[in-house]
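If you want the building blocks of each chain, they are given just below.
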Amino acid sequence: MLAQQLVNGLVVGSTYALFALGFTLMFGVLGVVNLTYGFYFSVGAFLALFATQHGASIWIALPLAALLSGCVAVVIDAALLTPLRRAKAPELASLMVTLGATMLLYSLANAALSTDIRRFPPGVIDATAIEVAGIRISMTQGLIIAAAGVMVSALLWVMNATRLGLGLRALAERPDVAGLMGVNAGALVRLVSLLSGALAGASGVLIGLNYNAIQPYMGEVMMLKGFAVIILGGLGDIRGALVAGLVVGMLETLTAGYVASSWKDAVGFVLLVLTLWIRPSGLFGRLAVKRA
Amino acid sequence: MAEFLDDFLFTYQNLVYSLGVNGLLALSIYVVLAVGQLSIGQAAFMGLGAYVSALLTVKLGVAFPLVLLAAMITPALAALVVGAPTLRLSGVYLALATIGLGEVQRIVFINAEFTGGALGLSGIPTRGGLISIYGSLALALVAFVCVARSKIGRAMEAMREDELAAGALGVDLPAYKLGALVVSAMLAGLAGALNAHVSSFISPNDYGFDAAVTILSFALLGGIGSPFGPVLGAFILTLLPEVLRPLADYKTVVNGAIIVVAVIFMPRGLLAWRMGRAGAAFRRPK
């Protein structure tokens, strides 16, 4: 029973990690808290839903939805945040703009799509499950862990072992100096939006598959878990987001299993407040916390 | 005339009440924005005030003034728990923590037995009314105008414009920020309690994310140069859906769009003038 709970927690946790990774990448490199990020999660889930309803297999729908969510992220970033970046507005201005935009986008999505819960067409993924030592792992769960693993490793490789990653890290450190050293800041800003939007979209598809329930506001719920994960992991810390995502997912699953499932959504916030009191720099604490 | 006024009040009672309550909420977010911070927990503080006051009135029959006091103190404590660790960090942390506060509070209200669960609390007896709502609004406005014209107001404005410089000039940044958040939580709690006692019914979903963003849109539309800006913004945004009926269904779309437009195109809001300083007339250079 415990082992099964832990596996379920690992599955949920890896989608949290995937989701939080894009959010923390955006914050780390672009220096903004972009609250519309949760919307890309909903966008991804809906795009995959529409694609599979039109007969696409999940193997095509998943990357397609991720890519298109990334494009949505690039457009929204260019419309809302580029003007503020150009005007060197304070960081809270970008938070407020995306806050307003979040409400606007969700209300519009809600008006267009309604809040009805939708489901993937049956047979979109093989329903058989494998059983290892008494633990059931469904195809969906396997796909989630594999997809999350591939995407996370790819991102870590890009960030740490390529020239592109070097440019991104330089941009995160000092945007103006990075520009002087020949980093094409504008292009990298769009690339980061694309990547993180794609991560959000992909995790939307995966969570949609896991619970088989898709509706416009799913991204808003996810966003709250995202805050808890990135603060627990340390704002802008990629490795921290990864570990914190797994921790939050596990603890939520255990709370649902052993306490009551209605309280599981409170776990993230409790962790968030505890982190702020005890260790504001997050799990690994290597980053200098941005103090006021 | 008196008869007309009575008729008018009877027909538009709820609107008149919500104008006053929203004015108070606008002032509550104003205090936080005035020191250059962003709280998305105003709706949560309001909800806490509403629930505490309603429970005290319904279950224990406590006198109304004491109920209001409790409705101000409880959110202030919540503000301390969330604010004390975050206000020493960059402004992003407070914003994220307060969004979380609103959500977790909603979960508690929905799941706890004594708060009436998802159905909320109904049958709250009517207390207060016009005089207590508009009296509180007037008192708060006068107090904020006095503060804005004083040394404290100047310090707050300095923090908002350039925190680093204000700190270097001796402004106690963490104390001001925490003080502002606590005052703001108290005001929001008061607004929640007053509102609960004129509307007789409260439910957990009244105090969610949309409510918090709406409160922020009041202040951003009106501008935060003076306390009058946010109140003006609240009045406009409360009346707008009443005047333009078709807009009522798209209230959240409009409020969201106002925030986006206000931050990008008119960062100073509608009422852009700043408060003068007390005694400035006597000190004008020749």
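Right, let's get into the overall build of chain A. Tallying secondary structure elements over chain A gives eleven helices and two strands in all. Relative to its length of 292 residues, chain A is compact, with a C-alpha radius of gyration of 19 Å against a globular reference of 19 Å. By its C-alpha atoms, chain A is 55 × 45 × 35 Å across when sized along the principal axes. Taking all 292 residues of chain A together, 51% fall into the buried category. Considering only intrachain contacts with a sequence separation of at least 6, the fraction spanning at least 24 residues in chain A is 75%.

Of regular secondary structure, chain B possesses eleven helices and two strands. Each helix and strand of chain B, placed in order from N terminus to C terminus, yields the pattern α-α-α-α-β-α-α-α-α-β-α-α-α. With the C-alpha coordinates aligned to their principal axes, the bounding extent of chain B is approximately 60 × 50 × 35 Å. Each of the 286 residues in chain B was classed as buried or not, and the buried ones make up 50%. Counted over contacts in chain B with a minimum sequence separation of 6, partners at least 24 positions apart contribute 80%.

Turning next to the interface of chain B and chain A. In many reports, interface size means the accessible area that the parts give up when they come together. Across the contact, 38 residues belong to chain B and 36 residues belong to chain A. Among the secondary structure elements, those contributing two or more residues to the side of chain B that touches chain A are α3 (64-86), α4 (91-111), α9 (209-222) and α11 (251-265) of chain B. Looking at the side of chain B that touches chain A, the element that brings in the most residues is α4(B), giving twelve residues. The class makeup of the residues in the side of chain B that touches chain A is 25 nonpolar, nine polar and four charged.

On to the confidence of the model for chain A, then. Looking at chain A, pLDDT values average 84 and 97% of them are 70 or higher. Predicted confidence in chain A is weakest over strand β1 (residues 129-132) of chain A, with a mean pLDDT of 74, and strongest over helix α2 (residues 37-53) of chain A, with 91.

What follows is about the environment of B:Val67. Residue and element names in this part refer to chain B. In this fold, valine 67 is placed in helix α3. As a C-alpha pair, valine 67 and glycine 120 span 53 residues in sequence and 19 Å in three-dimensional space. Residues contacting valine 67, with those up to four places away along its chain left out, are Ser53, Leu56, Thr57, Val62 and Ala193.

Moving on: the environment of B:Asn205. Residues and elements named next belong to chain B. Looking at the element boundaries, asparagine 205 is found in the loop between β2 (201-202) and α9. Overall, the presence of 14 C-beta atoms within 10 Å leaves asparagine 205 in the partly exposed class. Sequence-wise, asparagine 205 and phenylalanine 109 are 96 residues apart; in three dimensions their C-alpha atoms are separated by 9.2 Å.

Attention now moves to helix α5 (residues 139-161) of chain A. All names here are of chain A. For α5, spanning 23 residues, the distance from its first C-alpha to its last is 32 Å, which sits close to the expected 33 Å at 1.5 Å a residue. Turning to α5, its buried residues are Thr140, Gln141, Leu143, Ile144, Ala147, Ala148, Met151, Val152 and Leu155. Contacts made by the buried residues of α5 are with α1 (2-30), β2 (135-138), α8 (185-211) and α10 (238-258).

Let's shift gears to the confidence of the model for chain B. Detailed reading of the predicted coordinates is not advisable wherever pLDDT is low. Residue and element names in this part refer to chain B. On average, chain B scores 83 in pLDDT, and the residues at 70 or more come to 92%. Note that pLDDT drops below 50 for residues 281-286; the model gives that stretch zero contacts with residues more than four away or on any other chain. Across the interface, the model reports ipTM at 0.79; the global pTM reads 0.84.

Turning next to the pairing of β1(A). All names here are of chain A. Alignment of β1 against β2, held across four bridges, turns out to be antiparallel. What sits directly across from glutamate 131, in β2, is arginine 136. What sits between β1 and β2 in their antiparallel hairpin is a turn of two residues, with alanine 133 showing a positive phi close to 50°.

The next subject is the packing of helix α3 (residues 58-86) of chain A against helix α4 (residues 91-113) of chain A. Residue and element names in this part refer to chain A. Between α3 and α4, the least distance of the axes is 10 Å, while the angle of their chain directions is 150°. Comparing their axes, α4 and α3 come out roughly antiparallel. Crossing geometry of α3 relative to α4 is assigned as right-handed. Contact residues: α3 offers Ile76, Leu80, Leu81 and Leu84, while α4 offers Ala93, Ser94, Val97, Thr98 and Ala101. Counted by class, the contact of α3 with α4 contains seven nonpolar, two polar and no charged residues.

Another aspect to go through is unusual backbone geometry. We note that A:Asn212 has phi near 45°; this positive angle belongs to a residue other than glycine. Tracing the chain through its elements places A:Asn212 in the loop between α8 and α9 (218-233). Although it is not a glycine, B:Ser200 sits at a positive phi angle of roughly 65°. The class for B:Ser200 is partly exposed, based on 13 C-beta atoms found within 10 Å.

With that settled, the discussion passes to helix α2 (residues 42-60) of chain B. Residues and elements named next belong to chain B. Compared with the 27 Å implied by 1.5 Å per residue over 19 residues, the 26 Å span of α2 between its first and last C-alpha is a close match. Among the 19 residues in α2, 15 count as buried, and that is most of the element. Where α2 terminates, the next one or two residues include glycine 61, which has phi positive at roughly 60°.

Residues and elements named next belong to chain B. Here leucine 80 lies in helix α3. Taking the number of C-beta atoms within 10 Å as the measure of exposure, leucine 80 has 14 and is therefore partly exposed. The spatial distance from the C-alpha of leucine 80 to the C-alpha of alanine 185 is 9.4 Å, given a sequence separation of 105 residues.

Rules behind the numbers
- Residues numbered from 1 in each chain as written.
- Chains lettered and ligands numbered in written order.
- Predicted model: local features only at pLDDT ≥ 70, side-chain atom pairs only at ≥ 80, totals over all residues.
- Helix = DSSP H or I, 4+ residues; strand = E, 2+ residues; numbered from the N terminus.
- Rg over C-alpha atoms; globule rule 2.2 N^0.38 Å.
- Buried ≥ 20, exposed ≤ 12 C-beta atoms within 10 Å, placed from the backbone.
- Contact = placed C-beta atoms within 7 Å.
- Nonpolar A, V, L, I, M, F, W, Y, C, P; charged D, E, K, R; others polar.
- pLDDT = per-residue confidence, 0-100.
- Expected span 1.5 Å × (residues − 1).
- Pairing = 2+ DSSP bridges.
- Axes fitted to C-alpha atoms, helices over the stretch in contact; angles between N-to-C directions.
- Parallel < 35°, antiparallel > 145°, perpendicular 65-115°, else oblique.
- Left-handed = near helix turned anticlockwise from the far one by under 90°.

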